[in-house]
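An overview of the molecular structure
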Amino acid sequence: MPLRVVIADDEVLARQKLLLLLREQPDVEVVGEGANALETIDLVQFTQPDVLLLDVRMPGMDGFDVISALSSSPPLGLPCIIFTTAHDQYALRAFEVHAVDYLLKPFTRERLQSALQRARDQREHGWTGTAKSTQKKEYTNRLVFRSKGRIIFLPIADIRWIGAEENYVRICAGKENHMLRDTMANFETKLDPEIFLRVHRSAIVNLQHVKEVRTDGSDGECFVTLSDGQKLPVSRGYRSRITGLIAR
């Protein structure tokens, strides 16, 4: 059974070098390449690889943001993470998030082979990509923030959906919208996945406000419709979440 790999690096030459090295491995299949964090998240969601070769510094979100987003995406687990970076200062943090290995550029063919063997061993022992915990994670039940000279205390249950707009997230609650400086990946970690579902790299919906999920027969596009009539697209990489929800 091949070791399915996704490469995530914003540098074209770095991705090309990895491709050449991986082609020397008879049991490795590269199933996708991501040039930034958002592409990488979508690719991992869609292809469900065994291994993610992940650069730390990428445009917009970094490699740890990618891990945070994927970790909060039940029912899928993380692939084995192998960091590939020119920066050594993130090594300790990498192993705190249970990375399989940490490769400093420029690394040798032998060093990559060693990291891949670690990933193979992890797979054989039933790697799930999630750390075991005896305590149930507590999620945010309200947001407190400044908006137009006011301090807003917003119950999480009042949020209908959250959208991404460059370096901000738009909180849509009732008749009001609020802009907060945050990333979708970071914001998603604060939300209970039993209530909030990410359906697109730029949209998270509150399931209590979802009226229906529909696929357009003409072109296969999938949408969620909220109780107020708001219609949001479901990207291909996130459809497995909808499928998992229906299968419960």
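Counting restarts for each chain: residues are numbered from 1 in the order of the written sequence. pLDDT decides what is reported in this predicted model: residues at 70 or higher carry local features, side-chain atom pairs at 80 or more are listed and counted, and totals for whole chains, interfaces and linings draw on all residues regardless. Each side-chain value is derived from all of the structure's non-hydrogen atoms; neither hydrogens nor water enter the calculation.

Considerations on the sheet that holds strand β1 (residues 3–8)
Basically, it comes down to this: For two strands to be treated as a pair, DSSP must find no fewer than two bridges joining them. Only runs of H or I of at least four residues qualify as helices and only runs of E of at least two qualify as strands under DSSP, and these elements are numbered from the N terminus. Angles here are taken between N-to-C directions and fall from 0 to 180 degrees, while the axes themselves are lines fitted to C-alpha atoms, restricted in helices to the stretch in contact. The contact criterion used throughout is that any non-hydrogen atoms of two residues lie within 4.5 Å.
Across the sheet, five strands lie side by side as β2-β1-β3-β4-β5; this open sheet has parallel pairing. Of all the strands in the sheet, just β2 (28–34) and β5 (101–104) have a single pairing partner and so form its edges. Within this sheet the neighbouring strands show an average axis-to-axis angle of 20 degrees, counted without direction. Where strand β4 (residues 80–85) meets β5, four bridges bridge the pair, whose relative direction is parallel. Along β5, the bridge assignment pairs Ile82 with Asp101. Sheet contacts for helix α3 (residues 63–71): β3 (51–54) and β4; angle to β3, the most-contacted strand, approximately 155 degrees.

Some words on helix α2 (residues 37–47)
The test is simple: Think of it in three bands: residues with accessible area under 20% of the maximum for their type are buried, residues over 50% are exposed, and the middle band is partly exposed, with areas taken using a 1.4 Å probe on protein chains only. Two N or O atoms count as a polar contact when they lie within 3.5 Å, although within protein this holds only if one can serve as hydrogen donor and the other as acceptor, and sequence-adjacent residues are included solely when both atoms are side-chain atoms.
Where burial is concerned, most of α2 is hidden: eight out of the eleven residues are buried. Those residues of α2 that sit buried are Ala37, Thr40, Ile41, Asp42, Leu43, Val44, Gln45 and Thr47. Between a side-chain oxygen at the N-terminus of α2 and the backbone nitrogen of Leu38 the separation is 3.2 Å; the capping residue is Asn36. Once α2 ends, the next one or two residues include Gln48, with phi positive near 50 degrees.

Things to note about helix α5 (residues 109–124)
Condition: Multiplying 1.5 Å by the helix residue count minus one yields the expected span of that helix. Here, the arc refers to the directions that run from the helix axis to the C-beta atoms.
The terminal C-alpha atoms of α5 lie 23 Å apart, and with 16 residues this matches the ideal 22 Å at 1.5 Å per residue to within 8%. Buried within α5 are the following residues: Leu112, Ala115, Leu116, Ala119 and Arg120. Mapping the buried residues of α5 onto a view down its axis gives an arc of 150 degrees, with all of them on the same face. In α5, the exposed positions that point more than 90 degrees away from the buried face belong to Glu110 and Glu124. Where α5 is buried, its residues contact β1, α1 (12–23), β2, β3, β4 and β5.

Remarks on the confidence of the model for the chain
In plain terms, the rule: The quantity called pLDDT is the predictor's confidence in a given residue, expressed from 0 to 100.
Per-chain confidence: the chain averages 84 in pLDDT, with 88% of residues scoring 70 or above. When mean pLDDT is compared element by element in the chain, β3 scores highest at 96, while helix α7 (residues 239–246) scores lowest at 64.

Let's talk about the pattern of salt bridges
One side chain can pair with another of opposite charge once the charged atoms of both are near each other. For clarity, the threshold we go by: One side-chain nitrogen of Lys or Arg within 4 Å of one carboxyl oxygen of Asp or Glu is enough to make a salt bridge.
Summed over all chains, the structure comprises twelve salt bridges. Salt-bridge contacts for Arg109 lead to Glu24; the nearest nitrogen and oxygen are separated by 2.5 Å. With Arg109 in helix α5 and Glu24 in the loop between α1 and β2, this pair connects stretches of sequence that are 85 residues apart. By relative accessible area, Glu24 is classed as partly exposed at 41%. In this structure, Arg170 engages Glu165 in a salt bridge whose closest nitrogen and oxygen atoms are separated by 2.5 Å. Here the salt bridges share partners, and the residues they tie into one network are Asp9, Asp55 and Lys105.

Side note on the packing of α2 against α3
As a reminder of what qualifies: Throughout, a crossing is termed right-handed when the near helix is turned clockwise from the far one, and left-handed when it is turned anticlockwise from it by less than a right angle. Lys, Arg, Asp and Glu make up the charged group, whereas Ala, Val, Leu, Ile, Met, Phe, Trp, Tyr, Cys and Pro make up the nonpolar group; the residues left over, Gly among them, are polar.
The geometry of α2 relative to α3 is characterised by a closest axis approach of 10 Å and an angle of 35 degrees between their N-to-C directions. For α2 against α3, the interelement crossing comes out right-handed. Residues Ala37, Thr40, Ile41, Val44 and Gln45 of α2 pack against Val66, Ala69 and Leu70 of α3. Its residues placed into classes, the contact of α2 with α3 shows six nonpolar, two polar and no charged.

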